[in-house]
Amino acid sequence: MEAKGYTLDGTVDLQGRPALASKTGKWKACAFLVGYEAFERMAFYGIMSNLVNYLTTQLHEDTVSSVRNVNNWSGSVWITPILGAFIADTYLGRFWTFTVSSLIYVMGMILLTMSVSFKFMKPTCMNGVCSKASSSQIAFFYSSLYIIALGSGGTKPNISTFGADQFDDFDPYEKHLKASFFNWWMFSSFLGALCATLGLVYIQENLGWGLGYGIPTIGLLFSLFIFYLGTPIYRHKVRKTKSPARDLIRVPLTAFRNRKLQLPENPSDLHEFEMQHYNSTGKRQVHHTPVFRFLDRAAIKDGSSSSSGATNQPCTVTQVEGTKLVMGMALIWLVTLIPSTIWAQINTLFVKQGTTLDRSLGPSFKIPAASLGSFVTLSMLISVPMYDRYFVPLMRRRTGNPRGITMLQRLGIGFVIQVMAIAIAYAVEARRLHVIKVQHVIGPKQIVPMSIFWLLPQYILLGIADVFNAIGLLEFFYDQSPEDMQSLGTTFFTSGIGVGNFLNSFLVTMVDKITGRNGKKSWIGHNLNDSHLDYYYGFLLVTSVFNLGAFWWASNRYIYKRETKDLKEGCVEMEPPKALDTSLGLQV
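Note that the structure is a prediction, hence the values are computed from the model and not measured.

**Quick look at the overall build of the chain**
Then step 1. The secondary structure content of the chain amounts to 18 helices and 7 strands.
Then step 2. Relative to the compact-globule value of 25 Å for 588 residues, the chain shows a C-alpha radius of gyration of 26 Å, a close match.
Then step 3. Each principal axis of the C-alpha distribution contributes one length, and for the chain these read about 80 × 55 × 50 Å.
Then step 4. Going through the 588 residues of the chain one by one, you find that 57% of them count as buried.
Then step 5. Of all intrachain contacts in the chain linking residues separated by at least 6 positions in sequence, the fraction that spans at least 24 positions is 80%.
Then step 6. With an accessible surface of roughly 24900 Å², the chain has 64% of that area assigned to carbon and sulfur atoms.
Then step 7. Counting 53 positive and 39 negative side-chain charges, the chain places the averaged centre of each group 6 Å from the other.

Have a look at this one:
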């Protein structure tokens, strides 16, 4: 196939013909994709960044309810990709799942723009007294939001993996290009977020919410037009298994059925197809690993008999290892939930905290509190090129790792920076409360004589942490997923953020109920000037420190995926270099 100029990984064009390596894929194809990503992120953060303010100022919800509703919606946006990835991996493929879902996304954006634009869809105010939103107004607004969440479920897990599919893992040059793909993919995402937090937030608060939502809606439609212009040069992965997720059920069941059988001492005695089978099917063989040894029983050749008397077909080592990979990733996923909860503060409590501070910039201009989130994005935009162009080459020379450091080491660094950020958030909130006490600030709408720029360090550090966390997690879950489940694997990344938002919603609700009962002062009350938000940040800080220890434990037990694909020219082995086992003691 290489002599004819086709890709070595078996990708095809939209008509199912083998893809020509010289005319398809690589960055020229990704250029159309990153445009969509930038506009989609602008639309998402245009809603997310200032949603808590819209709910409190326009729909007149209280602080706890607005934080809970923002987290619940954001959590849904990040959870629904599980469904979208399953549909893509099992039925439609990434391209067509994205196509259908993007239309749903745009429909939700149009409906949301209508709900904030037309007067009869918003509560009315007379003489400074505003009525509560009616049931129909609330229903239409939240229906629009959750239609967006549904559409996002099909676009989010498939657009990034579709972009990664444009690089051939078996071509050394393209594999080198792919090493930087997720860094620059997230860079485009950050650009969209920056436009939202700097421009759209200001437009929403000063020129109108309808215009603030209408602009990203038009931008999203334009980006879809750009995306489909690139259709002739896109590469598409061929689905090699009808139901790739079926092994996740079959392997544990078979292992349980064979629980009384003796495992062979040599893993080579377990059931596995000959390399010729993988050559003919285009699949990759996965090497045996010593973790989750119980699952190896699923590959015992002389498995137990079924009730009909026929011997059950044993699973292959590759199938067993695919299940092990998912279980290993699930362990890492669990220790990303607390960091995702910390991240949820940026668009909720940090924003509400900022509204209480002095936001003046000159005699007549006030900074929108949500615009401070732009410093998260700015720090990311500065850090990504520095990471990719300086940090990685420097560490590569020292470790021999093409990525510079292991993916889990990258996550560990991000988690440490995040702990520092929440510690600073705690200290700044303690100072804010001190100023409140000294200046006798009491009312919920009174401005604390303290500059909003005191919040800058926590925003900047969270942005730097996300260069390690968000990009590292996306790359880790894509890279470590079983071959036929890479869209589903990417949802480990999105679902972690989603569950983190739900967890924050739960924590905020419970903390408010527990600390505010019997007439006591709630940590997170409607009046933040008479609350104890510093206690909540302190709670998150202690939790983050314990979670960091849990991550260190889990990462030291994780073994990276090793695959083999035998080509005519020889054997191409896809495994991390031995130099990966460095400072954190992560196993390979």
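**Remarks on the confidence of the model for the chain**
Then step 1. Taken residue by residue, the chain gives an average pLDDT of 84. The fraction at 70 or more is 90%.
Then step 2. Mean pLDDT values over the elements of the chain span from 46, in strand β7 (residues 570-574), up to 94, in helix α18 (residues 533-555).
Then step 3. Contacts from residues 304-311, a stretch scored under 50 in pLDDT, to residues over four places away or in other chains number 9 contacts.
Then step 4. Contacts of residues 567-588 to residues separated by more than four positions or lying in other chains number 60 contacts, the stretch itself having pLDDT below 50.

**Structural notes on the pattern of salt bridges**
Then step 1. Enumeration over the complete set of coordinates arrives at 16 salt bridges.
Then step 2. With a closest N to O distance of 2.9 Å, Arg-17 and Asp-13 form a salt bridge.
Then step 3. A relative accessible area of 13% means that Asp-13 is categorised as buried.
Then step 4. Between Glu-40 and Arg-41 there is a salt bridge, with its nearest N and O atoms 2.7 Å apart.
Then step 5. Residue Arg-41 is classed as buried on the basis of its relative accessible area, which comes to 3%.
Then step 6. Taken together, the shared-partner salt bridges in this structure form one network comprising Arg-293, Asp-296, Glu-321 and Lys-324.

**Quick look at the environment of Leu-295**
Then step 1. By the secondary structure assignment, Leu-295 is in the loop between β3 (285-286) and α11 (317-334).
Then step 2. In sequence terms Leu-295 and Thr-323 are 28 residues apart; their C-alpha atoms lie 8.3 Å from each other.
Then step 3. Beyond its immediate stretch of four places on either side in the chain, Leu-295 contacts Val-251, Pro-252, Ala-255, Val-320, Thr-323, Lys-324 and Met-327.

**Things to note about the packing of aromatic side chains**
Then step 1. One pass over the structure, following the stated rule, counts 39 aromatic pairs.
Then step 2. Ring centres of Phe-39 and Phe-222 lie 5.9 Å apart, and the angle between their planes is 75°; on these two criteria the pair is classed as edge-to-face. Remark: Phe-222 occurs in helix α8 (residues 209-229) and Phe-39 occurs in helix α1 (residues 26-48); sequence separation between them is 183 residues.
Then step 3. Under the relative-accessibility criterion, Phe-222 is labelled partly exposed at 46%.
Then step 4. An angle of 55° between the planes, with centres 5.6 Å apart, marks the rings of Phe-167 and Phe-181 as tilted. In this pair, Phe-167 sits in the loop between α5 (135-164) and α6 (172-178) while Phe-181 sits in helix α7 (residues 181-206), placing the two residues 14 residues apart along the sequence.
Then step 5. Given the relative accessible area of 1%, Phe-167 is considered buried.
Then step 6. For Phe-181, a relative accessible area of 0% translates into the label buried.

Each value, and the rule that gives it
Residues numbered from 1 in each chain as written. Predicted model: local features only at pLDDT ≥ 70, side-chain atom pairs only at ≥ 80, totals over all residues. Heavy atoms only, no water. Helix = DSSP H or I, 4+ residues; strand = E, 2+ residues; numbered from the N terminus. Rg over C-alpha atoms; globule rule 2.2 N^0.38 Å. Buried < 20%, exposed > 50% of the residue type's maximum accessible area, 1.4 Å probe, protein only. Contact = heavy atoms within 4.5 Å. Areas by Shrake-Rupley, 256 points an atom, 1.4 Å probe, with all protein chains shown as cover. Lys, Arg positive; Asp, Glu negative; His and termini not counted. Charge placed at Lys NZ, Arg CZ, Asp CG, Glu CD. pLDDT = per-residue confidence, 0-100. Salt bridge = Lys/Arg side-chain N within 4 Å of Asp/Glu carboxyl O. Phe/Tyr/Trp six-rings, centres within 6.5 Å; stacked < 30°, edge-to-face > 60°.

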